[in-house]
Amino acid sequence: MTSIKFVKEDKEIIAANGANLREKALQNGIDIYTLRGKLVNCGGYGQCGTCIVEIVEGMENLSPKTLFEERKLKRKPDSYRLACQTLVNGAISVKTKP
């Protein structure tokens, strides 16, 4: 088990190792989408790139970036990830809608 802290929401949740970041956020009422993302998100299939989050702490506890993430986040800071493509394997802190 591990913890995921959502900084802006001041909420910490417990998740199993290997949990999908997007799924855990949505299951716990954390809104990760901007208005545009709410209208056009792909439902977590890694096609739209609208579930961008910033990892504040614990980057080493995440799965490696996928090829899709590498393409979509090419011009973004290294601390940005797509929540739908990210598996959590240890404690992290996340900022939603960076």
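Above: the structure in question.
Now for a look at the structure at hand. This one's a predicted model, so the numbers in the text were calculated from it and none came from an experiment.

1. Notes on the pairing of strand S2 (residues 11-15)
Then, in step 1: Bridge count between strand S1 (residues 2-6) and S2: 5 bridges; the pairing is antiparallel. Residue pairing for S2: Ser 3 is matched across the bridge by Ile 14.
Then, in step 2: Connecting S1 to the next strand, S2, in antiparallel fashion are 4 residues, including Asp 10 with a positive phi near 50°.

2. Quick look at the nonpolar core
Then, in step 1: Core analysis: the biggest nonpolar cluster contains 24 residues, and Ile 4, Phe 6, Leu 21, Ile 32 and Val 94 have the highest contact counts within it.
Then, in step 2: Here this core takes 3 residues from strand S4 (residues 52-57), the largest share from any one element.

3. Here's the deal with the side chain of Gln 85
Then, in step 1: Within the element layout of this structure, Gln 85 appears in the loop between strand S5 (80-82) and strand S6 (87-88).
Then, in step 2: Its relative accessible area of 19% is what places Gln 85 among the buried residues.
Then, in step 3: Sequence-distant contacts of Gln 85, defined by excluding residues within four places in its chain, comprise Asn 20, Tyr 45, Gly 46, Ser 63, Thr 66 and Glu 69.

4. Some thoughts on the sheet that holds S4
Then, in step 1: Taken in spatial order, the 5 strands of this open sheet run S2-S1-S7-S4-S5, and their pairing is mixed. At either end of the open sheet lies a strand with only one pairing partner, and these are S2 and S5. Sheet twist, expressed as the mean angle between neighbouring strand axes with direction ignored, is 35°.

5. A short note on unusual backbone geometry
Then, in step 1: Although it is not a glycine, Asp 10 adopts a positive phi angle of roughly 50°.
Then, in step 2: A positive phi angle is found at Lys 97, which is not glycine, with a value near 45°.
Then, in step 3: Relative to the helices and strands, Lys 97 is located in the segment after strand S7 (92-96).

6. Thoughts on the pairing of S1
Then, in step 1: The buried fraction of S1 is high, at 4 of 5 residues.
Then, in step 2: Pairing of S1 with S7 involves 3 bridges; the strand directions are parallel. Paired with Ile 4 across the two strands is Ile 92, which belongs to S7.

7. A short note on the pattern of salt bridges
Then, in step 1: Counting across every chain of the model gives 3 salt bridges.
Then, in step 2: In this structure, the salt-bridge partner of Lys 38 is Asp 31, at a minimum N-O distance of 2.9 Å.
Then, in step 3: In this structure, Asp 31 engages Lys 97 in a salt bridge whose closest nitrogen and oxygen atoms are separated by 3.4 Å. Within this pair, whereas Asp 31 is found in the loop between helix H1 (21-27) and helix H2 (35-40), its partner Lys 97 is found in the segment after S7, the two being separated by 66 residues in sequence.
Then, in step 4: A relative accessible area of 30% places Asp 31 in the partly exposed class.
Then, in step 5: When salt bridges with common partners are traced through the structure, they connect Asp 31, Lys 38 and Lys 97 into a single cluster.

Conventions and cut-offs
- Position numbers for residues count from 1 along each chain, tracking the sequence in the order it is written.
- Only residues with pLDDT of 70 or above have their local features reported here, since the model is predicted, and side-chain atom pairs are shown and tallied only from 80 upward, although totals for entire chains, interfaces and linings are computed over all residues.
- Values shown for side chains rest on all heavy atoms present in the structure; no hydrogens or waters enter the calculation.
- We treat two strands as partners when DSSP finds at least two bridges between them.
- Helix and strand definitions here come from DSSP, where helices need a minimum of 4 consecutive H or I residues and strands a minimum of 2 consecutive E residues; each element is numbered from the N-terminal end.
- Put simply, a nonpolar core is a bunch of buried Ala, Val, Leu, Ile, Met, Phe, Trp, Tyr and Cys residues held in one set by side-chain atoms that sit within 4.5 Å of each other.
- We call a residue buried when its accessible area falls under 20% of the maximum for its residue type, exposed when it is over 50%, and partly exposed in between, using a 1.4 Å probe and counting protein chains only.
- The criterion used for residue contact is that any of the two residues' heavy atoms lie within 4.5 Å.
- Axis angles are defined between N-to-C directions and span 0 to 180 degrees, where every axis is a line fitted to C-alpha atoms and, for a helix, only to the segment in contact.
- Each salt bridge in this description consists of a side-chain nitrogen of Lys or Arg and a carboxyl oxygen of Asp or Glu lying within 4 Å of one another.

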